[in-house]
Amino acid sequence: MANEVGLKVGDNVDGWCGKCKMVLAHTIEAMVGTKPARVNCNTCGSQHSHKPNPPGDSPRTSKTATGEKAPPKGRANRYQVLLKGKDTALAKSYSIRDSYAAGDVLQHPTFGLGIATTVKDGAKVEVLFENGPKVLVHGRDSLT
Ligand SMILES: [Zn+2]
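Residues numbered from 1 in each chain as written. Predicted model: local features only at pLDDT ≥ 70, side-chain atom pairs only at ≥ 80, totals over all residues. Heavy atoms only, no water.

Asks: Kindly report on the overall build of the protein, identifying the contributing residues and their values.
Replies: Secondary structure assignment for the protein yields two helices and nine strands. Taken from the N to the C terminus, the helices and strands of the protein come in the order β-β-β-β-α-α-β-β-β-β-β. Here the protein, with 144 residues, has 27% of them falling under the buried criterion. The contacts of the protein with a sequence gap of at least 6 include a subset with a gap of at least 24, amounting to 27%. A total of about 9,400 Å² of accessible surface is found on the protein, and carbon and sulfur atoms cover 52% of it. (Helix = DSSP H or I, 4+ residues; strand = E, 2+ residues; numbered from the N terminus. Buried < 20%, exposed > 50% of the residue type's maximum accessible area, 1.4 Å probe, protein only. Contact = heavy atoms within 4.5 Å. Areas by Shrake-Rupley, 256 points an atom, 1.4 Å probe, with all protein chains shown as cover.)

Asks: For the sheet that holds strand β7 (residues 112–121), give the residues involved together with the corresponding values.
Replies: What the five strands build is an open sheet, ordered β5-β6-β7-β8-β9; its pairing is mixed. At either end of the open sheet lies a strand with only one pairing partner, and these are β5 (92–93) and β9 (132–137). Direction of pairing for strand β8 (residues 124–129) relative to β9: antiparallel, over a ladder of six bridges. Residue pairing in the sheet places Lys124 in a bridge with Val137 of β9. (Pairing = 2+ DSSP bridges.)

Asks: Describe in detail the pattern of salt bridges, supporting the description with residues and values.
Replies: A side chain of one charge can pair with a side chain of the opposite charge when the charged atoms of the two come close. Tallying each qualifying case throughout the model produces three salt bridges. Residues Asp11 and Lys8 are paired through a salt bridge, measuring 3.6 Å at the closest nitrogen-oxygen approach. A salt bridge links Glu126 to Lys120; the shortest N-O distance between them is 3.2 Å. Under the relative-accessibility criterion, Glu126 is labelled buried at 19%. (Salt bridge = Lys/Arg side-chain N within 4 Å of Asp/Glu carboxyl O.)

Asks: Please set out the packing of aromatic side chains residue by residue, giving values where relevant.
Replies: Counted by the stated rule, this structure contains two aromatic pairs. Summarising the aromatic geometry, the rings of Tyr94 and Tyr100 are spaced 6.0 Å apart at their centres and angled 25° between planes, so their arrangement reads as stacked. Of the two residues, Tyr94 and Tyr100, both sit in the buried class. (Phe/Tyr/Trp six-rings, centres within 6.5 Å; stacked < 30°, edge-to-face > 60°.)

Asks: Describe in detail the environment of Lys51, supporting the description with residues and values.
Replies: Within the secondary structure, Lys51 sits in the loop between β4 (47–49) and α1 (62–67). Placed 36 residues apart in sequence, Lys51 and Gly15 show a C-alpha to C-alpha distance of 5.4 Å. Excluding its chain neighbours within four sequence positions, the residues that come into contact with Lys51 are Gly15 and Trp16.

Asks: Quick one: what's the story with the sheet that holds strand β1 (residues 12–17), residue by residue and with numbers?
Replies: With antiparallel pairing, four strands are arranged side by side in an open sheet as β1-β2-β3-β4. A single partner strand is all that each edge strand has here, and the edge strands are β1 and β4. Across this sheet, the average inter-strand angle for adjacent strands is 50°, counted without regard to direction. The pairing of strand β3 (residues 35–41) with β4 spans three bridges and is antiparallel. Residue Asn40 lies in a different strand from β4, and its bridge partner there is Gln47. (Axes fitted to C-alpha atoms, helices over the stretch in contact; angles between N-to-C directions.)

Asks: Quick one: what's the story with the coordination of the zinc ion, residue by residue and with numbers?
Replies: Of the protein atoms, only Cys17 (SG), Cys20 (SG), Cys41 (SG) and Cys44 (SG) coordinate the zinc ion, at distances of 2.2 to 2.4 Å. Each of the four donor atoms bound to the zinc ion contributes to angles spanning 105 to 118°, and the resulting shape is tetrahedral. When the donors of the zinc ion are listed by position in the chain, the intervening gaps give C-x2-C-x20-C-x2-C. One end of the pair, Cys20, is in the loop between β1 and β2 (22–32); the other, Cys41, is in strand β3, and 21 residues separate them in sequence. Classification of Cys20 by relative accessible area gives partly exposed; the value is 21%. A residue is classified by how much of its surface remains accessible, and Cys41, at 3% relative accessible area, is buried. (Donors = N, O, S within 2.8 Å, 3.2 Å for Na, K, Ca; no water. Tetrahedral: all angles 85-135°; square planar, octahedral: opposite > 155°, others 65-115°.)

Printed below as a string of structure tokens:
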């Protein structure tokens, strides 16, 4: 059985043959990167583009397989969305003595630019930074 990692032209690869209507061994005719692009059916001899799975059998076609490599960006996107429309020039320098409200943009010396998302209580505020949310202390008027 051919190693999936080290495929090259001339190797055999299992793929869907539209003529035979079966997953059969094919000989690789052309490669794109590390993936077979054109194959030759060993059974009927027809040449066609490589399809690893039968059509309609699985949503995991070769097109969606490339999309899986995208890193999870949900948190970063939320950060970007929250920051969008905010005037970052007005970001306050974070100070334990200031009080923040949800939606405030602030500049933290360690974490960078952040947006206050939730005021926990009078003394704590959750701020979303590029690397994730942090709970900061705020509103401490009298430091001891
Ligand atoms: Zn065939």
